[in-house]
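Listed below, chain by chain, are the residues.
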Amino acid sequence: MGRLGLKGHFGGLAARLDGVFGADGVFAHDRLRFIDFVDDVEELLEEVAWQEGGDKKAADGFEEYMLRHYSG
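Summary of the structure given here. In this text, all values refer to a predicted model and were calculated from it rather than measured experimentally.

## What to know about helix 2 (residues 34-51)
Consideration 1: The first and last C-alpha atoms of helix 2 sit 26 Å apart over 18 residues, in line with the 26 Å expected at 1.5 Å per residue.
Consideration 2: Among the residues of helix 2, Phe34, Phe37, Val38, Val41, Glu42, Leu44, Glu46, Val48 and Ala49 are the ones counted as buried.
Consideration 3: Count one or two residues on from helix 2 and you reach glycine 53, which has phi positive near 85°.

## Comments concerning the nonpolar core
Consideration 1: Ranked by size, the top nonpolar core spans seven residues in total: Val20, Phe27, Phe34, Phe37, Val38, Val41 and Met66.
Consideration 2: The element best represented in this core is helix 2, accounting for four residues.

Conventions and cut-offs
Residues numbered from 1 in each chain as written. Predicted model: local features only at pLDDT ≥ 70, side-chain atom pairs only at ≥ 80, totals over all residues. Heavy atoms only, no water. Helix = DSSP H or I, 4+ residues; strand = E, 2+ residues; numbered from the N terminus. Expected span 1.5 Å × (residues − 1). Buried < 20%, exposed > 50% of the residue type's maximum accessible area, 1.4 Å probe, protein only. Core = buried A, V, L, I, M, F, W, Y, C linked by side-chain atoms within 4.5 Å.

This is the structure:
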């Protein structure tokens, strides 16, 4: 992200994702519903798009794509 000039946008990302993944790197379904996680990530992407002067709609479709491909 730093090489793309986006490092400043993700300063709080680690804190927001703390506890979402276990020590083994597997998503912790018992701590957060996957749909809520995907919604949070989409909001982060919309925020970055807006801050970069783009359209928040650039992130539209992310949640639908993730749920269609990765939700059990």
